[in-house]
Amino acid sequence: HHDEWMKIEEITRAQLTSEDPVFPLENALSLNPECNEKGWVAGETGPQTITLNFLKPVKIRRIFLDFIEHEFERMQEFSLRYMTQTGIQQEIVRQQWNFSPSGSTQEMEDYTVELDGVTRLELWIDPDVGREKVKATLKAWRVA
């Protein structure tokens, strides 16, 4: 069954630690696959945080993340957290993934969740654990 993806750009205010103006966050949040192909790229190397502040509290039932890496051999770690209007703050997932140009170049994660009254989602990405050589990227981030 197909979930109705939220139009994140319209219902949130995003905060970023950095971004490359050529590859803005809108590319990753867009429901348009052509924009997703370009994706988001950080403006500098090292860990990055993307925060989505919802204009009003929402129910979230599904979160989809798509990362892609064709060039670098690297181990990425990311963490996804949420906050609610009642002050709950909790990590949904923390995960590591090894990208390899000759092997796994894409990481897709599709989480089924039961989150009510969500006011904020926070995605923290360390693109190259233990080294500061690579910029974080995100192909697509969808929420339903």
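Residues numbered from 1 in each chain as written. Predicted model: local features only at pLDDT ≥ 70, side-chain atom pairs only at ≥ 80, totals over all residues. Heavy atoms only, no water.

**Focus on the pairing of strand β3 (residues 48-68)**
Consideration 1: Taken across its 21 residues, β3 has 15 buried, putting it largely inside the fold.
Consideration 2: Here strand β1 (residues 12-16) runs beside β3; their pairing, made up of 5 bridges, is antiparallel. Bridge pairing in β3 places Ala 14 opposite Leu 52.
Consideration 3: With 15 bridges joining them, β3 and strand β6 (residues 106-126) adopt antiparallel strand pairing. Bridge pairing in β6 links Thr 49 to Trp 124.
Consideration 4: Bridge count for β3 against strand β8 (residues 140-143) is 4 bridges, and the pairing is antiparallel. Paired with Ile 63 across the strands is Val 143, a residue of β8. (Buried < 20%, exposed > 50% of the residue type's maximum accessible area, 1.4 Å probe, protein only. Helix = DSSP H or I, 4+ residues; strand = E, 2+ residues; numbered from the N terminus. Pairing = 2+ DSSP bridges.)

**A look at the packing of aromatic side chains**
Consideration 1: This structure, assessed with the given rule, holds 3 aromatic pairs.
Consideration 2: For the ring pair Trp 5 and Phe 64, a centre distance of 6.3 Å and an interplane angle of 45 degrees mean the geometry is tilted. One end of the pair, Trp 5, is in the segment before α1 (8-11); the other, Phe 64, is in strand β3, with 59 residues separating them in the sequence. Each member of the pair, Trp 5 as well as Phe 64, is classed as buried.
Consideration 3: Centre to centre, the rings of Phe 67 and Phe 78 are 5.2 Å apart; their planes meet at 35 degrees, and the pair counts as tilted. With Phe 67 in strand β3 and Phe 78 in strand β4 (residues 74-84), this residue pair connects regions lying 11 residues apart in the sequence.
Consideration 4: The class of Phe 67 is buried, set by a relative accessible area of 0%.
Consideration 5: Judged by relative accessible area, which is 0%, Phe 78 ranks as buried. (Phe/Tyr/Trp six-rings, centres within 6.5 Å; stacked < 30°, edge-to-face > 60°.)

**Considering the environment of Glu 69**
Consideration 1: Locating Glu 69 in the fold gives a position in the loop between β3 and β4.
Consideration 2: A C-alpha to C-alpha distance of 9.4 Å links Glu 69 and Lys 139, two positions 70 residues apart in sequence.
Consideration 3: When neighbours within four sequence positions are excluded, Glu 69 is seen to be in contact with Arg 74, Phe 99, Thr 105 and Val 134.
Consideration 4: Here Glu 71 takes part through its backbone nitrogen, which lies 2.9 Å from a polar atom of the side chain of Glu 69.
Consideration 5: Separated by 3.0 Å, the side chain of Glu 69 and the backbone nitrogen of Phe 72 make a polar contact. (Contact = heavy atoms within 4.5 Å. Polar contact = N/O pair within 3.5 Å; in protein donor to acceptor, adjacent residues only side chain to side chain.)

**Concerning the pattern of salt bridges**
Consideration 1: This model, assessed by the stated rule, comprises 10 salt bridges.
Consideration 2: A salt bridge links Lys 139 to Glu 37, with the nearest nitrogen and oxygen atoms 3.3 Å apart. Here Lys 139, found in the loop between β7 (135-138) and β8, pairs with Glu 37, found in helix α3 (residues 33-38); they are 102 residues apart in sequence, far enough to count as distant.
Consideration 3: Looking at Lys 139, the relative accessible area reads 14%, which means it is buried.
Consideration 4: Note on Glu 37: relative accessible area 59%, which makes it exposed.
Consideration 5: Linking Asp 116 and Arg 61 is a salt bridge whose minimum nitrogen-to-oxygen distance equals 2.8 Å. Note that Asp 116 is positioned in strand β6 and Arg 61 in strand β3, a separation of 55 residues in sequence.
Consideration 6: By relative accessible area, which is 26% here, Arg 61 ends up partly exposed.
Consideration 7: Overlapping salt bridges bring together Glu 37, Asp 66 and Lys 139 as one network. (Salt bridge = Lys/Arg side-chain N within 4 Å of Asp/Glu carboxyl O.)

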